Amino acid sequence: MPAEGSSAQLIERDKKSVSPTIYRYTDIAFARGSGSFLYDFEDKRYFDFVAGIATMNVGHNHPRVVKAIAEQAGELIHAAAHVGYMKPYVDIMEKLISLAPATLNQGKGILLNSGSEAVETAIKLARAVSGRSMVLAFMDSFHGRSMGALASTASNSSYRRHLAPLLSGVEHVPFPNCYRCPFGHTDHDRQDCCGTWRNFIQMTLDKLVHPEDLAAIIVEPIIGEGGYIVPPDDFLQTLRDFCDRTGAFLIADEVQTGMGRTGTWYAVEHWNVTPDIIALGKAIGGGLPLGATLARSDLMDAWWPAAHGSTFGGNPIACRAGLESIAIIEEEKLLDNATQIGDHIQSRFKTAQKNLPLIGDVRGMGLMIGVELVDKQGQPITSDQIKHIIKKLGIAGVVMTKCGQSTLRIAPALSITREIADEACEIILKVLKDF
Ligand SMILES: *Cc1c(COP(=O)(O)O)cnc(C)c1O
């Protein structure tokens, strides 16, 4: 019998009461966190290279976030936005909008509880306001697991297994992945992409989805769960052009890429493209559940009262934690830190790649970095193999997950220091060498 209060005991109790459908990458039980570190119940320290799946952007238990949560809990825990007005709701909405690019800078938004809900809201808004029904989405994309969001998700068919039919009217086209080109081309890179993906969208509009029926194109500016894939530089602008030509809305799912993860507040800023609608989640609540959908004012103003809502959306404690995290990112200059440390981590893995054929590709922006692991033929290693590597990393003291089929996902707190990042990289590279 595992000892009372031990990690092993918690895991044993969990197995008896918690649904096994929750997949665990590691066998670690987390007792507490601090900055870029997590600790188990035996007080073993772990480097956290996933930050609660890109949610803990200012690190674990930042004293200012803890204080903001406690203060707000003492004033007002919840009153519900449908009943009246709450200051933290307005405060964070003003802030999110003030950080948003170009025309969305005068936009409006609605607060929700999760990324999936923000995506659902974006699709509902696009359909309601356009009066059109069809949505174009991309293979490899992840937009969430609720039934509407799941209809746009196409990063892994196991998420859809035995669940069809989902929301109808969503069509998928290939996402340009220049390392592993969906059209089989091997002699191109991101700057010199074959561009076949563009023809595919045009073909879809010519043969399958009439442009007058297209409500929206939904896209992750950088693919997250599907493999941390950075598209070619003309990708987003081309989607913007397709939308302008057809009258469809461009929805950027920035649930994972947003809040400074890639070194800018919103990833679309890297390409100077302004979407009509942005879905946010993950890090915006400073570690508490919060989602948001922002849109051009004219779209939000055209959505009639009571068309949408949420009991807990914009909970004051989550808003305060989120606001405080934004202030910390600004004051501690964490966007610059994300860019610098991110470049440093990428260059470390690129250097190691020269003597380590297991590393097939290193890519990403800011602190959203993917390291794709391949076999001797350059094919992705199996899902079992990468899961095995991740378990070994956990035992060696680094908490990580994968994305795509065989890509290590590096998404630490934006506040991580170079020294801590280096120590964790050493451990990761050692585990990869020993594989
Ligand atoms: C995580 C994620 C979602 C879903 O967010 P939940 O909070 O898990 O519902 C949607 N889109 C993207 C890009 C994500 O990374």
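For clarity, every value in this text was computed on a predicted model and none was experimentally measured.

**A word on the sheet that holds strand β14 (residues 401-403)**
And step 1. Taken in spatial order, the 4 strands line up as β11-β12-β15-β14 in an open sheet, and their pairing is antiparallel. Of all strands in the sheet, those bounded by a partner on one side alone are β11 (359-365) and β14. On average, adjacent strands in this sheet sit at an angle of 30° to one another, irrespective of strand direction.
And step 2. Inspection of the sheet shows β11 paired to strand β12 (residues 368-373) by 6 bridges, in the antiparallel sense. Residue Arg 363 lies in a different strand from β12, and its bridge partner there is Gly 370.
And step 3. Strands in contact with helix α12 (residues 383-396) are β12, β14 and β15 (407-410); relative to β14, the strand with the most contacts, it is inclined by about 150°.

**Considerations on the site of the ligand**
And step 1. Looking at the ligand, the residues that line it are Ser 114, Gly 115, Ser 116, Phe 142, His 143, Gly 144, Glu 220, Asp 253, Val 255, Gln 256 and Lys 282.
And step 2. Here Ser 116 contributes a side-chain N or O atom positioned 2.5 Å from an oxygen atom of the ligand.
And step 3. Contacts to the ligand include Asp 253, whose side-chain N or O atom sits 2.7 Å from a nitrogen atom.
And step 4. If the ligand stood free it would expose 380 Å²; the protein chains cover 81% of that surface.
And step 5. Across the shell around the ligand, the residue classes tally to 2 nonpolar, 6 polar and 3 charged.

**Section: the packing of aromatic side chains**
And step 1. Applying the stated criterion across every chain, the model contains 8 aromatic pairs.
And step 2. Between the aromatic rings of Trp 197 and Phe 235, the centroid separation amounts to 5.1 Å while the plane-to-plane angle is 70°, which identifies the pairing as edge-to-face. Pair noted here: Trp 197 is in helix α7 (residues 196-207) and Phe 235 is in helix α8 (residues 235-246), with a separation of 38 residues, a long-range link.
And step 3. Take Phe 235: its relative accessible area is 0%, and that puts it in the buried class.
And step 4. It is Arg 145 that lies over the ring of Tyr 159; its NZ or CZ is 4.4 Å from the centre.
And step 5. Taking the ring centre of Tyr 23 as reference, the NZ or CZ of Lys 387 above it sits at 4.8 Å.

**Side note on the domain arrangement of the protein**
And step 1. Domain annotation for the protein reports domain 1 (7-58 + 333-434) and domain 2 (68-331).
And step 2. Of note, the centres of domain 1 and domain 2, computed from C-alpha atoms alone, are 25 Å apart.
And step 3. With 35 residues of domain 1 at the interface, the matching set in domain 2 holds 32 residues.
And step 4. Both faces considered, domain 1 and domain 2 share a buried interface measuring about 2,600 Å² in area, 60% of it formed by carbon and sulfur atoms.
And step 5. It is Leu 335, Met 365 and Met 368 that lose the most area in domain 1 upon contact with domain 2, and together they represent 29% of the buried surface on that side.
And step 6. Put simply, domain 1 and domain 2 have 2 salt bridges between them.
And step 7. The shortest N-O distance in the salt bridge between Glu 225 and Arg 409 comes to 3.0 Å.
And step 8. Counting across the interface, domain 1 meets domain 2 through 16 residue pairs in polar contact (both at pLDDT 80 or more).

**Some details on the state of the cysteines**
And step 1. Counting across every chain of the model gives 0 disulfides.
And step 2. There is no disulfide at Cys 193, and the cysteine sulfur nearest it, in Cys 178, is 3.7 Å away.
And step 3. Unpaired in this structure, Cys 194 has its nearest cysteine sulfur neighbour in Cys 181, at a distance of 3.9 Å.

**What to know about unusual backbone geometry**
And step 1. The omega torsion across Ala 164 and Pro 165 is 0°, close enough to zero to call that bond cis.
And step 2. Its place among the elements puts Pro 165 in the loop between α6 (147-152) and β6 (170-173).
And step 3. Phi at Ala 80 takes a positive value of approximately 80°, unusual for a residue other than glycine.
And step 4. Here Ala 80 shows up in the loop between α3 (63-75) and α4 (87-99).
And step 5. Look at Lys 333: it is not a glycine, yet its phi comes out positive at around 55°.
And step 6. Assignment of secondary structure puts Lys 333 in the loop between α10 (316-331) and α11 (334-353).

**Comments concerning the pattern of salt bridges**
And step 1. In the structure shown here, the tally under the stated rule is 23 salt bridges.
And step 2. The partner of Arg 180 in a salt bridge is Glu 372, and the shortest N-O contact between them spans 2.6 Å. Within this pair, whereas Arg 180 is found in the loop between β6 and α7, its partner Glu 372 is found in strand β12, the two being separated by 192 residues in sequence.
And step 3. Residue classification places Arg 180 among the partly exposed positions, given a relative accessible area of 26%.
And step 4. A network of salt bridges, in which partner residues are shared, links Arg 240, Asp 244, Asp 276, Arg 296 and Asp 298.

Cut-off values and rules
Residues numbered from 1 in each chain as written. Predicted model: local features only at pLDDT ≥ 70, side-chain atom pairs only at ≥ 80, totals over all residues. Heavy atoms only, no water. Pairing = 2+ DSSP bridges. Helix = DSSP H or I, 4+ residues; strand = E, 2+ residues; numbered from the N terminus. Axes fitted to C-alpha atoms, helices over the stretch in contact; angles between N-to-C directions. Contact = heavy atoms within 4.5 Å. Near = heavy atom within 4 Å. Polar contact = N/O pair within 3.5 Å; in protein donor to acceptor, adjacent residues only side chain to side chain. Areas by Shrake-Rupley, 256 points an atom, 1.4 Å probe, with all protein chains shown as cover. Nonpolar A, V, L, I, M, F, W, Y, C, P; charged D, E, K, R; others polar. Phe/Tyr/Trp six-rings, centres within 6.5 Å; stacked < 30°, edge-to-face > 60°. Buried < 20%, exposed > 50% of the residue type's maximum accessible area, 1.4 Å probe, protein only. Lys NZ or Arg CZ within 6 Å of the ring centre and 35° of its normal. Domains from an automatic or database assignment. Buried area = accessible area lost by both parts, 1.4 Å probe. Salt bridge = Lys/Arg side-chain N within 4 Å of Asp/Glu carboxyl O. Disulfide = S-S within 2.5 Å.

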